[in-house]
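Notes for the structure review
So the chains spell out like this:
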Amino acid sequence: MADQSRTSLPSKYLPPVEFRDLPEPVPLRKVSGASVIILATAIGSGEIVLWPYITTQVGFIFMWAAVVGFAIQFFLNMEIERYTLATGETAITGFARFWKPWWWLFIIFALCQNFWPGWATGASTALTFVLGMGEGAPIVPITIAALVAIGITLTLSPVVYQTVEKIQFVLVALIMLFVIVAIPVATTGEAWGALFTDGVGFPVGQAGLDIALLLGALAFAGAGGANNLVQSNYIRDKGMGMGKHMPKIVSPITGHEEAKPSLGYMFPTDAENMRRWRGWWRVANWEQFITFFLVGLLSLVIMAVLAYSTLPVGQVTEQNLAFLRLEGQALQETVAPWFGTAFWFTAVITLFSTNLGILDYTSRLIADQLKINALKDSTVWTESRIYATTVWLMIIVGSVILLSGVSQPFLLLVISSSIAGVQMFIYSALLIQLNRKALPKELQIGGVRLAVLAVSFLFFGFLSVLLVLDSLGVSIG
């Protein structure tokens with residue numbers, strides 16, 4: 001075992017780490033899918049709801065921000081991955097090495113963002129469109145049943161990540177099939193032309209577009225908020241980099257649990273390990289770029305063009321999911337009845353896949369941090385048991401929220417997404433600190449990537465200030 005003093009990871013608040021060699025990198029095809037869960041969550045967050053809605057209000061003048069949002073999140077995700085590839089620890093564990101309270105603050109952020117069951121409610125609402133139900137449709141019971149089904153799936157999976165990845169692969173494939181068919185069948189040349197000729201703008205203060213919605217849309221041009229941070233957990237469970245040495249979350253019922261906390265390792269920066277590092281970094285960048293950035297951005301643009309082709313700007317006047325009903329009805333009339341139904345069904349699986357991802361990643365984040373920081377010596381509370389408990393706690397709280405009468409999916413999505421934007425402002429700065437000060441010089445962030453994170457900090461900081469001013473009643477229109 002190497003001398004622990006050689007590590008550069010701060011050890012004031014968490015134990016120092018040991019040295020182990022970095023595993024050999026694997027080909028891209030072996031890790032394809034490491035970003036599929038975050039992609040599925042991204043599609044259901046902004047691509048199917050918020051950005052098409054904005055397009056029905058102002059056309060494409062704000063589309064530049066979607067491109068910027070996705071680009072920033074690509075770099076954010078890679079800096080989150082950098083730390084985990086190098087150490088096996090999650091980024092939040094790295095933050096807590098500098099200041100202990102970060103672990104429980106990010107748990108609070110994640111819960112505030114994700115207790116609201118807006119995606120499941122949206123999936124249930126879209127399902128009522130598919131089934132032709134009217135105003136009195138039992139949305140709340142359907143939503144609670146869906147949440148319980150997700151909970152059973154997550155707590156009975158022998159290896160949770162593998163099950164979630166397989167489910168999300170199927171759901172994303174169905175979504176992409178619809179998107180590909182929609183381009184020639186339902187989008188218009190006029191809409192594609194407007195995409196490039198509408199100009200650019202920042203439509204704060206326009207009717208139907210408050211700052212919370214715009215900040216949320218920017219945060220959810222991609223995954224957003226705590227979801228990005230859990231990319232650490234996904235690549236760790238995928239066995240990428242030093243994550244290969246870390247325990248995985250399994251079912252406390254059907255899997256073999258490990259009680260130890262997920263504290264990481266470092267590798268010596270000798271020639272052989274640096275060769276492996278360059279291989280892992282190249283593969284991780286390509287996997288994230290193709291799966292998350294390209295597929296995610298293209299699906300957002302196509303869904304927005306579809307909305308523009310179907311619903312003239314200004315036709316949608318209510319800030320709710322009525323525009324999905326209107327869009328499906330218009331597609332039934334202009335294309336074919338089956339295509340409108342297919343659109344609604346796509347919305348169902350998109351929003352369902354997002355809620356599956358959200359319950360998984362929030363519980364994953366909480367379990368990891370509680371095990372490391374509060375329950376590290378417990379042999380009863382394994383990370384897997386904390387994970388399962390958190391899943392069901394979130395389902396119970398979400399159900400209580402729905403039964404209390406707060407069941408408007410669009411409102412719930414805006415609340416969640418605006419909280420996500422504030423988180424991104426905070427952790428943009430923390431990632432700079434983490435990857436400049438914790439890692440060896442050979443692995444540190446620099447150049448363009450450092451500049452992008454600085455832009456992210458300023459960008460989301462500016463929008464967060466606008467959100468606070470708006471909530472205080474200060475006019476920003």
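Since the structure is predicted, the reported quantities are computational estimates derived from the model, not experimental observations. (Residues numbered from 1 in each chain as written. Predicted model: local features only at pLDDT ≥ 70, side-chain atom pairs only at ≥ 80, totals over all residues. Heavy atoms only, no water.)

**Quick word on the pattern of salt bridges**
Under the defined criterion, the tally for this structure stands at eleven salt bridges. For the salt bridge of Glu24 with Arg276, the shortest nitrogen-to-oxygen distance reads 3.0 Å. One end of the pair, Glu24, is in the loop between strand 1 (18-19) and helix 1 (28-31); the other, Arg276, is in helix 13 (residues 271-310), and 252 residues separate them in sequence. We classify Glu24 as partly exposed; its relative accessible area is 40%. Overall, Arg276 belongs to the buried group, its relative accessible area being 14%. (Salt bridge = Lys/Arg side-chain N within 4 Å of Asp/Glu carboxyl O. Helix = DSSP H or I, 4+ residues; strand = E, 2+ residues; numbered from the N terminus. Buried < 20%, exposed > 50% of the residue type's maximum accessible area, 1.4 Å probe, protein only.)

**Some remarks on the packing of aromatic side chains**
Any two aromatic rings considered together are summarised by their centre-to-centre distance and by the angle between their planes. Under the definition given, this model contains 24 aromatic pairs. Among the aromatic side chains, those forming a connected cluster through ring pairs are Phe70, Phe74, Phe75, Trp286, Phe289, Phe292 and Phe293. The ring centre of Tyr265 lies 5.0 Å from the NZ or CZ of Arg20, which sits over that ring. (Phe/Tyr/Trp six-rings, centres within 6.5 Å; stacked < 30°, edge-to-face > 60°. Lys NZ or Arg CZ within 6 Å of the ring centre and 35° of its normal.)

**Details of the environment of Val31**
Note on placement: Val31 falls in helix 1. Judged by relative accessible area, Val31 falls into the buried class, the value being 3%. Sequence separation between Val31 and Lys238 is 207 residues; the distance between their C-alpha atoms is 7.1 Å. Look past the residues within four positions of Val31 in its chain and what remains in contact with it is Val26, Lys238, Met240, Trp280, Val283 and Glu287. (Contact = heavy atoms within 4.5 Å.)

**So, the nonpolar core**
The biggest cluster of nonpolar side chains holds 151 residues, and the ones touching the most others in it are Trp51, Phe95, Leu154, Trp277 and Leu431. The element best represented in this core is helix 13, accounting for 17 residues. Other than its neighbours up to four places away in sequence, Leu431 contacts Leu76, Glu79, Ile80, Ala91, Phe95 and Leu453. (Core = buried A, V, L, I, M, F, W, Y, C linked by side-chain atoms within 4.5 Å.)

**Concerning a nonpolar patch on the surface**
Judged by side-chain polarity, Trp64, Val200, Phe202 and Phe462 come together as a nonpolar surface patch covering roughly 400 Å² of accessible area. Tracing the backbone shows Trp64 in helix 3 (residues 63-87). Taking the relative accessible area as the measure of exposure, Trp64 reaches 31% and is therefore partly exposed. (Patch = residues over 30% accessible without salt bridge, like charges linked within 9 Å, V, L, I, M, F, W, Y side chains within 5 Å. Areas by Shrake-Rupley, 256 points an atom, 1.4 Å probe, with all protein chains shown as cover.)

**Considering helix 13**
In this model, helix 13 (40 residues) spans 57 Å end to end at C-alpha, consistent with the 58 Å of a helix rising 1.5 Å per residue. When the local axis directions of helix 13 are compared, the greatest deviation, roughly 30°, occurs at Phe289. (Expected span 1.5 Å × (residues − 1). Bend = angle between axes of the 7 residues up to and from the residue.)

**A short note on the environment of Lys244**
Structurally, the position occupied by Lys244 is in the loop between helix 12 (231-237) and strand 2 (265-266). Lys244 gets classed as exposed once you look at its relative accessible area, which sits at 56%. Taking the C-alpha atoms as reference points, Lys244 and Pro23, 221 residues apart in sequence, are found 7.3 Å from one another.

**Some details on the side chain of Ser299**
Relative to the helices and strands, Ser299 resides in helix 13. Here Ser299 is in contact with Ile43, Glu47 and Met176, once residues within four sequence places are set aside.

**Re the environment of Asn114**
In this structure, Asn114 sits in helix 5 (residues 102-114). Between the C-alpha atom of Asn114 and that of Gly225, which follows or precedes it by 111 residues, the distance is 9.9 Å.

**Remarks on the confidence of the model for the chain**
Any segment with low pLDDT has predicted coordinates that should not be analysed in fine detail. The predicted model of the chain has a mean per-residue pLDDT of 85, with 88% of residues at 70 or higher. For the stretch residues 1-5, pLDDT sits under 50, and the model shows six contacts to residues farther than four places along the chain or on other chains. (pLDDT = per-residue confidence, 0-100.)

**Remarks on the packing of helix 13 against helix 14 (residues 322-334)**
Following both chains from N to C, one finds helix 13 and helix 14 inclined at 70°, their axes separated by 9 Å at the closest point. Between helix 13 and helix 14, the angle is such that the two are roughly perpendicular. The handedness of the crossing between helix 13 and helix 14 comes out as left-handed. Contact residues: Leu306, Ala307 and Thr310 in helix 13; Glu327, Ala330 and Leu331 in helix 14. Tallied by class, the residues present in the contact of helix 13 with helix 14 amount to four nonpolar, one polar and one charged. (Axes fitted to C-alpha atoms, helices over the stretch in contact; angles between N-to-C directions. Parallel < 35°, antiparallel > 145°, perpendicular 65-115°, else oblique. Left-handed = near helix turned anticlockwise from the far one by under 90°. Nonpolar A, V, L, I, M, F, W, Y, C, P; charged D, E, K, R; others polar.)

**A closer look at helix 6 (residues 118-130)**
Compared with the 18 Å implied by 1.5 Å per residue over 13 residues, the 18 Å span of helix 6 between its first and last C-alpha is a close match. With eleven of its 13 residues buried, helix 6 lies for the most part within the structure. Gly118, Trp119, Ala120, Thr121, Gly122, Ala123, Ser124, Thr125, Ala126, Thr128 and Phe129 are the residues of helix 6 that are buried. Once helix 6 finishes, Gly132 follows within two positions and takes phi at roughly 70°, a positive value.

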